[in-house]
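Descriptive structure summary
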Amino acid sequence: MITKVNEVILKKRILIFLAICFGLTWIYDITVIRNISAVKDGPFKQVLSSLGMDFPLIAHLCTRIITKEKFKLSGDESLMLTINYKKFIWLFVAMLLPYIYSDIGNAILVISHPKLLLSKNMCSALGISAGSIASNVGKKIIMSLMFVFVAIGEESGWRGYMMPKLMKLYGTGKAVIVGGIVWGLWHMPLICMGHNFGTEYLGFPYLGIFLMTIMCICSGSLLTFVTIKSKSIWPAAVMHAVNNSNPGIMALLLNAHELGKMNTILMAIIKLIPICIMGILCIYVMVKYDVFRDTDRNEGNI
């Protein structure tokens, strides 16, 4: 159990981090991302779109400076920027997980809407073969690994700084839920602009914000798990990067025309099913086996 003094210190640090993170991100979203459609497609536009992912890292570093926390590379209350070679397996687990829940989600989509699956003749006409699929997946993996150095911006803040403190305050289960809600609300300006789900759906933007929050809780559970087990934020950054690359083998076999006719919210709900199941199971495992028990719970002063 942490003392009352340490509890106050932890809460102060989290609030400072969130104030900086939300402030920078929301201002950027409203002033830049909102008007980014006017920028010509290309590397510059991609950089502008990705820049918001660095604000949690900036908030993390600023909070450490303000609160005079140490800048250790590894260990408790560290930047978690190193990874032991014995933990490398978690990099591969993190790379694999998005493919598992994405393909299960796509399979559920096809079962519920059979027309989504390309026929053999259509695959042949489009030049889709086992070789082309393998090549496409390989290219996606390489591109997503390059994106890791962008994803590390978010993971440094959420999993590297906020989550360890929330877990000390509330325990694993509550921390994952609270952290997921915070992460989901952080995306709120983007959802209100129509990112992820568009704007033409019943309950806009509240339903979209709710779904994003559920997704952040469940995916946050998996990201927290690989971070704890590896004692590093690199596996979480890998998983985040792969997730953002639209992974999955079945995704290459879907009819784009039929997919475009689907309601984006319905599609999002269907694809959320596997990640919700995996996320809930992950929370259960973390709570039941107390994966955080070996971490030093002592805090310094602010």
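A brief report on the enclosed structure follows. (Residues numbered from 1 in each chain as written. Predicted model: local features only at pLDDT ≥ 70, side-chain atom pairs only at ≥ 80, totals over all residues. Heavy atoms only, no water.)

**Structural notes on the side chain of Lys140**
Let me state the cut-off plainly: Numbering goes from the N terminus for both helices and strands, where a helix is a DSSP run of H or I of at least four residues and a strand is a run of E of at least two. A contact between two residues is defined here by any heavy atoms of the two lying within 4.5 Å.
Following the sequence through the fold, Lys140 ends up in helix H6 (residues 130-146). The contacts of Lys140, once residues within four sequence positions are left out, are Tyr99, Ser245, Asn246 and Leu252.

**Topic: the pattern of salt bridges**
Side chains that differ in charge, positive against negative, can pair when their charged atoms come close. Under the convention used in this document: Whenever a carboxyl oxygen of Asp or Glu lies within 4 Å of a side-chain nitrogen of Lys or Arg, that contact is scored as a salt bridge. The buried label applies to any residue whose accessible area, calculated with a 1.4 Å probe on protein chains only, is under 20% of its type's maximum; exposed applies above 50%, and partly exposed to all values in between.
Under the defined criterion, the tally for this structure stands at eight salt bridges. We note a salt bridge from Lys11 to Glu7, for which the minimum N-O separation is 3.1 Å. Taken together, the residues span about one helical turn, with Lys11 and Glu7 both in helix H1 (residues 4-31) at a distance of four residues. Put simply, Glu155 and Arg159 hold a salt bridge, and the shortest N to O gap is 2.7 Å. Placement of the pair is Glu155 and Arg159 together in helix H7 (residues 148-170), with a separation of four residues, close to one helical turn. When its relative accessible area of 0% is taken as the criterion, Glu155 is described as buried. Taking relative accessible area as the criterion, Arg159 reaches 4% and is therefore assigned buried. Residues joined by salt bridges that share partners form a network here, namely Arg13, Glu69, Asp76, Glu77, Lys165 and Lys168.

**With respect to the packing of aromatic side chains**
Selection criterion: Here a Phe, Tyr or Trp ring, Trp counted by its six-membered ring, pairs with any other such ring whose centre lies within 6.5 Å, and the pair is stacked when the planes are under 30 degrees apart, edge-to-face when over 60, and tilted otherwise. As a reminder, the over-ring test applies to NZ of lysine and CZ of arginine, requiring each to be within 6 Å of the ring centre and within 35 degrees of the ring normal.
The full count for this structure, using the stated rule, is eight aromatic pairs. On the basis of an interplanar angle of 45° and a centroid distance of 5.4 Å, the ring pair of Phe17 and Tyr161 is categorised as tilted. Pair noted here: Phe17 is in helix H1 and Tyr161 is in helix H7, with a separation of 144 residues, a long-range link. Accessibility classification places Phe17 together with Tyr161 in one group, the buried group. Relative to Phe204, the ring of Tyr201 has its centre 5.5 Å away and its plane inclined at 85°; by these criteria the two rings are edge-to-face. The ring of Trp183 has Arg159 lying over it, and the distance from NZ or CZ to the ring centre is 4.2 Å. For the cation-ring pair, Lys165 lies above Tyr161, with the distance from its terminal atom to the ring centre recorded as 3.9 Å.

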